[in-house]
Amino acid sequence: MEASGGIQASLSGRYATALFELARDTKSIDAVEASLGRVRAAIAQSSEFAQLIGSPVVSREQAAKAVASAAEMIDVDATTAKFLGVLADNRRLSQLPAIIRAFRDLAARHRGETTAEVTSAHPLSEEQVEALKQQLRTRIGTDVSVDLSVDPTLLGGLVVQIGSQRIDSSIRTRLNALAHVMKG
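Residues numbered from 1 in each chain as written. Predicted model: local features only at pLDDT ≥ 70, side-chain atom pairs only at ≥ 80, totals over all residues. Heavy atoms only, no water.

**Description of the packing of aromatic side chains**
Counted by the stated rule, this structure contains two aromatic pairs. Arranged with centres 6.3 Å apart and planes meeting at 70°, the rings of tyrosine 15 and phenylalanine 83 form a pair that is edge-to-face. You can see tyrosine 15 sitting in helix α2 (residues 11–25) and its partner phenylalanine 83 sitting in helix α6 (residues 78–89), a full 68 residues away along the chain. By the burial criterion, tyrosine 15 is buried, and phenylalanine 83 matches it. (Phe/Tyr/Trp six-rings, centres within 6.5 Å; stacked < 30°, edge-to-face > 60°. Helix = DSSP H or I, 4+ residues; strand = E, 2+ residues; numbered from the N terminus. Buried < 20%, exposed > 50% of the residue type's maximum accessible area, 1.4 Å probe, protein only.)

**Looking at the side chain of glutamate 33**
As for its position among the elements, glutamate 33 is in helix α3 (residues 29–45). The class of glutamate 33 is buried, set by a relative accessible area of 13%. If near-sequence neighbours (up to four positions away) are discounted, glutamate 33 is found in contact with Phe103, Arg104, Ala107 and Arg111. (Contact = heavy atoms within 4.5 Å.)

**Looking at the environment of alanine 116**
One can find alanine 116 in strand β1 (residues 114–120). In this structure alanine 116 comes out as buried when scored by relative accessible area, which is 0%. In this structure, the C-alpha to C-alpha distance between alanine 116 and valine 146, residues 30 residues apart in sequence, is 4.9 Å. Excluding anything up to four places from it in sequence, alanine 116 contacts Leu136, Val144, Ser145, Val146, Asp147, Val160, Gln161 and Ile162.

**Observations concerning the pattern of salt bridges**
According to the stated counting rule, one finds eight salt bridges in the structure shown. The salt bridge partner of aspartate 105 is arginine 109, with a shortest N-O separation of 2.6 Å. Note that aspartate 105 and arginine 109 are positioned in helix α7 (residues 96–110) at a spacing of four residues, about one turn of the helix. The salt bridge involving aspartate 143 is made with arginine 137; its shortest N-O contact spans 2.9 Å. Owing to a relative accessible area of 41%, aspartate 143 belongs among the partly exposed residues under this scheme. (Salt bridge = Lys/Arg side-chain N within 4 Å of Asp/Glu carboxyl O.)

**A few points about the sheet that holds strand β2 (residues 144–150)**
Taken in spatial order, the four strands of this open sheet run β2-β1-β3-β4, and their pairing is mixed. Bordering the open sheet on either side are β2 and β4 (165–168), each of which pairs with just one other strand. For this sheet, the mean inter-axis angle between neighbouring strands, taken without regard to orientation, is 15°. Where β1 meets strand β3 (residues 158–162), four bridges bridge the pair, whose relative direction is antiparallel. Counted as the bridge partner of threonine 119 is valine 159 from β3. Here α7 sits on the sheet and contacts β1 and β2; the angle it forms with β2, its principal contact strand, is near 160°. (Pairing = 2+ DSSP bridges. Axes fitted to C-alpha atoms, helices over the stretch in contact; angles between N-to-C directions.)

**Description of the nonpolar core**
Counting 32 residues, the largest nonpolar core has Val39, Phe49, Leu84, Leu87, Leu93, Leu96 and Phe103 as its most contacted members. Elements with a minimum of two residues in this core: α2, α3, α4 (47–54), α5 (60–73), α6 and α7. Considering each element in turn, this core owes the most residues, seven residues, to α7. If we skip the residues at most four places from it in the chain, phenylalanine 49 touches Val39, Ala42, Ile43 and Ala70. (Core = buried A, V, L, I, M, F, W, Y, C linked by side-chain atoms within 4.5 Å.)

Here's what the structure looks like:
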């Protein structure tokens, strides 16, 4: 499978493409994708880890040691652990969230799926995720992989981004629209 030019055009896309091609060649796409999911969760749940990957003042050695330790704690596969070390050595850890998104998109396309970025005000249950996937599958006509994130500022509802298409049913957007109409 050839990666799209859009993904390869960005720095994070080139890293994601290189990781994807390595995972494909070693038949470890699922393991790498699962590991990257754990890394993404660690970034979201640990302010220290988020600061580490975003800090320009952390030395390469410190970043490499910290990332290796984190990779071991969250149980990532060997390919992902080595990849995180490469990012630390190249001072590209700040690109990690974008690399993870691009990798997930490449993996979904490889499986013949479309990726939807879904932001909700509260974590979704397994049943809600499955119902959402079914609705999106019906609307789009292909299987859909969802990339979930939580943003409490939405107050309620969902924001779904599929490529350039955006479906915003958040309460925050509805309240803003109502306020705009009332100003008149």
